[in-house]
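A closer look at the structure
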Amino acid sequence: MTVTTTRTGAPDPSSDSPESAGRRLLRAGFGLIGPRHARHSVSLEQLGALALPIGDDGVVIGVDAEGRPAVLGLNRPTPYDVVLIGGLWTAQVLALRAAATGARVAVETGRPQAWAQMVHAMGGGQNGLAVYEVGRVPPQGASAGTPVLVVRDCGMRPPRGRVASGPWQAVLTLLPYLSPVAPRLLRQARLVGVQRISPDESAELGRALALPRADVDALPTLADGFTLWCADRDRQYVMTQPTDAEIGLLGTPRRMD
């Protein structure tokens, strides 16, 4: 190998092979020699094969009919109202999973004992979940860094809430059945979840949401853990599958409380 020299007689580093340059730098104290790999390249036709599937950012609420994860994006810079006509179990799973994504959860309820076990399991309200009496939810100070989910578990006729949805603050209203206040809440909601209801309720809800006949017939037969989620003209059946930890805390899926 021929080595060129500078005017001072020192070897010219630019003339070294990568291997000898790496050994010399290692001896000089510049760290370990990194891996030496040949360059990789793909043709333009192969580039599409490198695409990665990217879903919505949010809370995994279950799986759809094809077994794919169904994700609900609760943390939004705009107001977001959700109505769930269903059981307490599903609302509590959503609250747990929202807290796990970093959101603070404020529960407004007339049955605090039903939420006591969750509060205890999450550190007595110090780790993302707090329970308040109906009408006593204070301002939450939601922001992009600390999004908030307000869960309103206030029975068949929930009063108008003091804390409304806003930027980075979503509101989930739980209705055990289709109540007289449901039409107003449905008009305000961006998303509606429906679990098993009676045939009469299904027919009424079908008119309110313009549901196809197949969905109207299916709602009274839904198994525990299944929810039909409706947003504008989009509809999706989702099965919520609890984790072992959720089963230990809340039990298995159930429609009735």
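This write-up is about the structure you can find in this document. (Residues numbered from 1 in each chain as written. Predicted model: local features only at pLDDT ≥ 70, side-chain atom pairs only at ≥ 80, totals over all residues. Heavy atoms only, no water.)

**A short note on the environment of P159**
Note the threshold: Only DSSP runs of H or I reaching four residues or more are called helices, and only runs of E reaching two or more are called strands; each is numbered from the N terminus. Exposed residues in this analysis have more than 50% of their type's maximum accessible area, buried residues have under 20%, and partly exposed residues fall in between, with area computed by a 1.4 Å probe over protein chains only. In what follows, a contact means two residues having at least one pair of non-hydrogen atoms within 4.5 Å.
With respect to the secondary-structure elements, P159 resides in the loop between β6 (148-153) and β7 (169-175). Owing to a relative accessible area of 39%, P159 belongs among the partly exposed residues under this scheme. Residues P159 and G135, spaced 24 residues apart in sequence, show a C-alpha to C-alpha distance of 8.0 Å. For P159, the contacting residues outside a window of four places in its chain are V134, R152 and C154.

**Notes on the pairing of strand β3 (residues 80-85)**
Put simply, the test is: Between any two strands, pairing holds if DSSP finds at least two bridges.
Counting buried positions along β3 gives five out of six residues, so the element sits mostly inside the fold. For β3 and β7, the ladder comprises six bridges, and the chain directions are parallel. Bridge pairing in β7 links V83 to T173. Bridge count between β3 and strand β8 (residues 191-194): four bridges; the pairing is parallel. Of the residues in β8, the one forming a bridge with L84 is G193.

**Structural notes on the packing of aromatic side chains**
Stated formally: When the centres of two rings from Phe, Tyr and Trp lie within 6.5 Å, Trp using its six-membered ring, the rings pair. Their planes under 30 degrees apart give stacked, over 60 give edge-to-face, and anything left gives tilted. Definition used: whenever NZ (Lys) or CZ (Arg) falls within 6 Å of the ring centre and also within 35 degrees of the ring normal, the charge is taken to sit over that ring.
Per the counting criterion, the structure on display carries zero aromatic pairs. Lying over the aromatic face of Y80, R76 brings its terminal NZ or CZ to 4.0 Å of the ring centre.

**Overview of helix α5 (residues 199-209)**
As a reminder of what qualifies: Here the arc refers to the set of directions running from the helix axis out to each C-beta atom.
Within the span of α5, buried status applies to E201, S202, L205, G206 and L209. Take α5 and look down its axis: the buried residues cluster within an arc of 140°, on one side only. Opposite the buried face of α5, by more than 90 degrees, sit the exposed residues D200 and R207. Where α5 is buried, its residues contact β3, α4 (182-188), β8, α6 (213-218) and β9 (226-231).

**Some thoughts on unusual backbone geometry**
Of note in this structure, W168 is not a glycine but carries a positive phi near 65°. Along the chain, the position of W168 falls in the loop between β6 and β7. Accessibility expressed as a relative area gives 26% for W168, which makes it partly exposed. Phi at A210 is positive, roughly 55°, even though this residue is not glycine. For A210, the position within the fold is in the loop between α5 and α6.

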